[in-house]
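Take a look at the letters that make up each chain.
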Amino acid sequence: MLTMYEKLMSLPIFKGVGPDQVSQFLEKTDLNFQTYQPGDTVVERTEVCDAVTCVLTGDVEVSYNIGASGVELKASYGMGKMIGLDRLYGLDTYYPYEVVTRQGCGTMSFSKNKLLSLIKNNDICHINLLNILSLRSQISIHAAECVSDKDPLSRIAAIVLLLTDRDCWKIRILNVSSFGDVNEIATRIEAMAAGTASFDGDNLIINSRNNFLDFIQND
């Protein structure tokens, strides 16, 4: 069984931080630990974000509504997922997505003020946070480069780039026919490496985000 230190080290913001500094964070920070059952809601869409929620055990599914055509994107994440870092500041601090548990999970959350205190007292955490936020702001350029007017799969790839992170292990896109000819999309899917993606009715299942995006960008 993983120790609390090992679980915290799975969080991107603690990458490269030593055991003593992590121990100090645990001792000095007011942390809220929660346990959720399968199907429980961790974050409600349009709820105000005032804390960072970290997945320490189990997994969650983050769901986005896309447009008015009934398209949904659902991305699954396990231990190490940090929810809310991109919503704490700025003009819009409401969650644009819903987060539910798939098989149950355990989370740790801490307030905006505690995050500020952490990065103020730890240069490595400060740099990690800047890198995380910078990646989110820069990814829109890569998403724009994916899009082709004649290729519905490229539009799907742009959405995947914008709305999911590298550490997601499964992506479901519901109502894919809204993007274009499903047969055309299916033909492109068949050309990908085995196990990368498949169809379940009108739903596209992406099992390997990296392979899927590599195919679109290099095809």
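Here, every reference points to the structure presented above.
Residues numbered from 1 in each chain as written. Predicted model: local features only at pLDDT ≥ 70, side-chain atom pairs only at ≥ 80, totals over all residues. Heavy atoms only, no water.

## Brief notes about the side chain of Thr 101
Formally: For the purposes of this entry, the term helix denotes a DSSP run of H or I that reaches at least four residues, the term strand denotes a run of E that reaches at least two, and both are numbered from the N terminus. Classification of residues uses two cut-offs on accessible area relative to the type maximum, computed with a 1.4 Å probe and protein chains only: under 20% is buried, over 50% is exposed, and between them is partly exposed. In protein, a polar contact means a hydrogen-donor-capable atom and an acceptor-capable atom, both N or O and within 3.5 Å, with residues adjacent in sequence counting only if both atoms are side-chain atoms; elsewhere, any N or O pair within 3.5 Å suffices. Whether two residues are in contact is decided by their heavy atoms, any of which lying within 4.5 Å being enough.
Among the structural elements, Thr 101 can be located in strand β6 (residues 98–111). By relative accessible area, which is 4% here, Thr 101 ends up buried. A distance of 2.5 Å separates the side chain of Thr 101 from the backbone oxygen of Gln 37, its partner in a polar contact. Sequence-distant contacts of Thr 101, defined by excluding residues within four places in its chain, comprise Tyr 36, Gln 37, Pro 38, Gly 39, Asp 40, Val 42, Asp 59 and Val 60.

## Points about the environment of Trp 169
Mapped onto the elements, Trp 169 comes out in the loop between α5 (152–163) and β7 (170–174). It is 21 Å that separates the C-alpha atoms of Trp 169 and Thr 35, two residues lying 134 residues apart in sequence. When residues no more than four places from it in sequence are discounted, the contact partners of Trp 169 are Asp 59, Ser 76, Tyr 77, Gly 78, Arg 102 and Asn 207.

## Side note on the pattern of salt bridges
The following threshold applies: Should a side-chain nitrogen of Lys or Arg be within 4 Å of a carboxyl oxygen of Asp or Glu, the pair is scored as a salt bridge.
By the definition in use, this model includes seven salt bridges. The salt bridge involving Glu 72 is made with Lys 74; its shortest N-O contact spans 3.4 Å. One salt bridge in this structure joins Asp 151 and Arg 188, with 2.9 Å as the shortest N-O distance. Note that Asp 151 is positioned in the loop between α4 (123–146) and α5 and Arg 188 in helix α6 (residues 182–190), a separation of 37 residues in sequence. Across this residue pair, the class does not change: Asp 151 and Arg 188 are buried. Members of the salt-bridge network, linked through shared partners, are Glu 61, Arg 102 and Arg 172.

## Overview of the nonpolar core
For the record, the criterion: Definition of nonpolar core: a set of buried residues of the types Ala, Val, Leu, Ile, Met, Phe, Trp, Tyr and Cys, connected through side-chain atoms within 4.5 Å.
Phe 14, Ile 156, Ile 173 and Phe 212 are the most contacted members of the largest nonpolar core, which totals 64 residues. A per-element tally of this core places strand β3 (residues 51–66) first, with eight residues. Once you skip the residues sitting within four places of it in the chain, Ile 156 turns out to touch Ile 173, Val 176, Phe 179, Ile 185, Leu 204 and Phe 212.

## Focus: the packing of aromatic side chains
In plain terms, the rule: Side-chain rings of Phe, Tyr and Trp, where Trp is taken by its six-membered ring, are said to pair if the distance between their centres is within 6.5 Å; with planes under 30 degrees apart they count as stacked, over 60 as edge-to-face, and otherwise as tilted. Charge-over-ring placement is defined geometrically: NZ (Lys) or CZ (Arg) within 6 Å of the ring centre, and within 35 degrees of the ring normal.
Within the structure shown, the criterion is met by four aromatic pairs. Between Phe 14 and Phe 25, the aromatic rings sit 5.0 Å apart at their centres with planes inclined by 65°, giving edge-to-face as the arrangement. Pair noted here: Phe 14 is in the loop between α1 (4–9) and α2 (19–28) and Phe 25 is in helix α2, with a separation of eleven residues, a long-range link. What makes Phe 25 buried here is its relative accessible area of 5%. Grouped by ring-pair contacts, the aromatic residues Phe 14, Phe 25 and Phe 110 constitute a single cluster. Over the ring of Tyr 77 we find Lys 81, and its NZ or CZ is 4.0 Å from the ring centre. The ring centre of Tyr 89 lies 4.9 Å from the NZ or CZ of Lys 112, which sits over that ring.

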